[in-house]
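Chain residues, written in single-letter form:
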Amino acid sequence: MIKENFTIVIPAYNEEATIRDIVKRALKQCKSVIVVDDGSTDNTVKELNNLPIHLIKHTTNKGKAISLWDGFQLALKNKNDFIITLDGDDQHAPEDVDLLINKRKEHKKHIIIGARLADKDSIPAKRYYANKIANFWIAWAAGYPISDSQSGFRLYPSILFKNLKISTSKNSGFVFESEVIIKAAQVGIYSHSVPIPAVYKEDARPSHFQGVRDITLITLMVGKSLISRGMYPQGLYRSVIKPMILNDMKFDYDRYIVLSLSIIIIVLTLGISLMGLFVYVFIIAKDKKNLANNQANLLLVLGKKLENNSPDGEYISRLNRAALILNKNLNCNVYILGGITGNASIAESDAGNFFLIDLGVDSNKIFLEKESVHTLENLKNFYHLLDNKIQKILLVTNRYHMARSMMMAKGFKINALSCPAEDSFKYTFTNIGKIIIEAFYINFYLVGRYWAILTNNSKILKRISNISG
């Protein structure tokens, strides 16, 4: 290990099952370890007996923000070059400290974050989407892209905390670490990520992170920051638009203009336009009408990104709905849409085909489209395959995805009725997060559509509808 003058700070609240092991492993990485017990009611403190650490004890639970702050203040007295934080619940491996320190060689005097989101399959869906939502808002306010704004495994330059003014109230909890990123950016200190494994054990204690509450508090904090700076449009450009231009070689001028306009509209309306679309998507998602009847001539099943070349849970629900209808209606066929996406080696439609056949669906009733890679292409390619003799089409997709899919289908004048994959909408944080994302996509689509019509842009019109310029 590189010899560095640093301290590891570990906030702990009711971590008796893991804290001793974590601290002992941390001591192998660094001789200076500070544990802040935040008023634990279990045996956390006893588990730390006889360990060569600095222990700060809170008599009552004060929250993660003040725990980290107290640890930082003690660490600063040791004149450290930097401070590393990690959680006491065994979610972070102390052995990965070297990853952060090595990354620091490239970015002296900046924050290094151990980012978990690349390891999507290991993260509970609720946490994954909560983090993605938080990343968007915090990146906007900080003015640059951020990979994992909610990871507590971080390396901070000590100089950051010498004059930092920030709330450490109990309600600040998980807001504190997000606000540090924003305030640091304002003084020229940025965060850089290094990939780490996502560790979520089945027998782990329940997370102190409460998705809806904490993301709401983070969003309110970010909203206050953005409003105080006139919604900080340059931050939105640097965190969203510019990275898309640089990273996507297919990103053309038209998409740049439309994306910019769609974001400007959200900013100018203070998010009201996006909220309106959220309500629209939500109403359609929870509509109790189920048009899956036996009168259809054709089912249109939208593909979805595969996991290990197999349909994931959402795609399976679409296919199960289709199989249920096909097995009852002998006069109905199905078109499955979707080419090769992500890391898969087979097309989404091929995987769907195999799944339906395993369910007993007659292979002669199944037709495939293998070129499209997203919803708009799904529907565009199907439009060119459409037989005008078909009288009734049912579009099968998940409830959160229905509003956008139906809107795009109408853009290609595909006369389809909605057929939700699920019997009812589930009120989960994950689904709400997906509806927010769908609202943003619809905003992008509508702005592009109206912009193309106003400017008579035949290139965009051809891409998103069957309207010619």
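Residues numbered from 1 in each chain as written. Predicted model: local features only at pLDDT ≥ 70, side-chain atom pairs only at ≥ 80, totals over all residues. Heavy atoms only, no water.

A. Inspection of the overall build of the protein at higher detail. Looking only at helices and strands, the protein features 16 helices and 12 strands. Out of the 469 residues in the protein, the part that is buried amounts to 53%. Long-range pairs, those at least 24 residues apart, make up 73% of the contacts in the protein with a sequence separation of at least 6. When the accessible surface of the protein is split by element, carbon and sulfur atoms take 53% of a total near 22500 Å². (Helix = DSSP H or I, 4+ residues; strand = E, 2+ residues; numbered from the N terminus. Buried < 20%, exposed > 50% of the residue type's maximum accessible area, 1.4 Å probe, protein only. Contact = heavy atoms within 4.5 Å. Areas by Shrake-Rupley, 256 points an atom, 1.4 Å probe, with all protein chains shown as cover.)

B. Region of interest: the environment of L259. Position of L259 among the secondary structure elements: in helix α9 (residues 253–268). Distance in space between the C-alpha atoms of L259 and Y441 is 10.0 Å, their sequence separation being 182 residues.

C. Representation of the side chain of S40 in the model. Looking at the element boundaries, S40 is found in the loop between β2 (33–38) and α2 (44–47). At 2.8 Å, the side chain of S40 and the backbone nitrogen of N14 are in polar contact. Polar side-chain contacts of S40 include one of 2.5 Å to the side chain of D37. With near-sequence residues (within four places) excluded, S40 lies in contact with A12, Y13 and N14. (Polar contact = N/O pair within 3.5 Å; in protein donor to acceptor, adjacent residues only side chain to side chain.)

D. Quick look at the nonpolar core. Ranked by size, the top nonpolar core spans 50 residues in total, and within it F72 and F161 carry the most contacts. Elements represented by at least two residues in this core include exactly β2, α3 (64–76), β5 (111–115), α5 (125–142), α6 (175–185), α7 (211–228), α8 (233–247) and α9. (Core = buried A, V, L, I, M, F, W, Y, C linked by side-chain atoms within 4.5 Å.)

E. Inspection of unusual backbone geometry at higher detail. The phi dihedral of N50 is positive, around 70 degrees, even though this residue is not glycine. By the secondary structure assignment, N50 is in the loop between α2 and β3 (54–58). Positive phi, normally seen in glycine, also occurs at K109, with a value near 65 degrees. With respect to the helices and strands, K109 occurs in the loop between α4 (97–104) and β5.

F. View of the sheet that holds strand β11 (residues 393–397). The sheet built from five strands is open, its strands ordered β10-β9-β8-β11-β12 with parallel pairing. The open sheet terminates on both sides in strands that have one partner only, identified here as β10 (366–369) and β12 (416–420). Neighbour-to-neighbour, the strand axes of this sheet turn through a mean angle of 25 degrees, independent of strand direction. As paired strands, strand β8 (residues 298–302) and strand β9 (residues 333–337) are joined by five bridges and run parallel to one another. Note on β9: the bridge partner recorded for L299 is V334. (Pairing = 2+ DSSP bridges. Axes fitted to C-alpha atoms, helices over the stretch in contact; angles between N-to-C directions.)

G. Structural context of the packing of aromatic side chains. Inspection of the entire model under this criterion finds 19 aromatic pairs. Here F6 and F82 contribute two aromatic rings whose centre-to-centre distance is 4.9 Å and whose plane-to-plane angle is 10 degrees, an arrangement assigned as stacked. Of this pair, F6 sits in strand β1 (residues 6–12) while F82 sits in strand β4 (residues 82–85), and the two are 76 residues apart along the sequence. Side by side, F6 and F82 carry an identical accessibility label, which is buried. (Phe/Tyr/Trp six-rings, centres within 6.5 Å; stacked < 30°, edge-to-face > 60°.)

H. Spotlight on helix α12 (residues 348–358). Of all the positions in α12, only E348, S349, D350, A351, G352, N353 and L356 are classed as buried. Structurally, α12 contributes buried residues whose contacts are with α11 (313–328), β9 and β10.

I. Representation of the packing of helix α13 (residues 375–385) against helix α14 (residues 399–411). Two numbers describe how α13 lies on α14: the axes approach to 10 Å, and their chain directions differ by 40 degrees. Taken as a pair, α13 and α14 cross one another with a handedness that is right-handed. Contact with α13, carried on its side by T375, L376 and L379, involves H401, R404, S405, M408 and A409 of α14 and no other residues of that element. (Left-handed = near helix turned anticlockwise from the far one by under 90°.)

J. The arrangement of the side chain of S149 in detail. Positionally, S149 belongs in the loop between α5 and β6 (154–157). On the accessibility criterion, S149 (1% relative accessible area) is buried. Polar side-chain contacts of S149 include one of 2.7 Å to the side chain of N135.

K. Here's a closer look at the sheet that holds β3. Spatially, β3-β2-β1-β4-β6-β5-β7 is the arrangement adopted by the seven strands of the open sheet, whose pairing is mixed. Two strands bound the open sheet, and with one partner strand each, they are β3 and β7 (191–195). Averaged over all pairs of adjacent strands, the angle between their axes in this sheet comes to 20 degrees, without regard to strand direction. Relative to β3, β2 runs parallel, the two sharing five bridges. Across the sheet, the residue bridging to V35 is L55, located in β3. Running over the sheet, helix α1 (residues 19–29) touches β1 and β2 and is turned about 175 degrees from β1. α4 rests against β1, β4, β5, β6 and β7 of the sheet, and its axis sits at about 135 degrees to β7.

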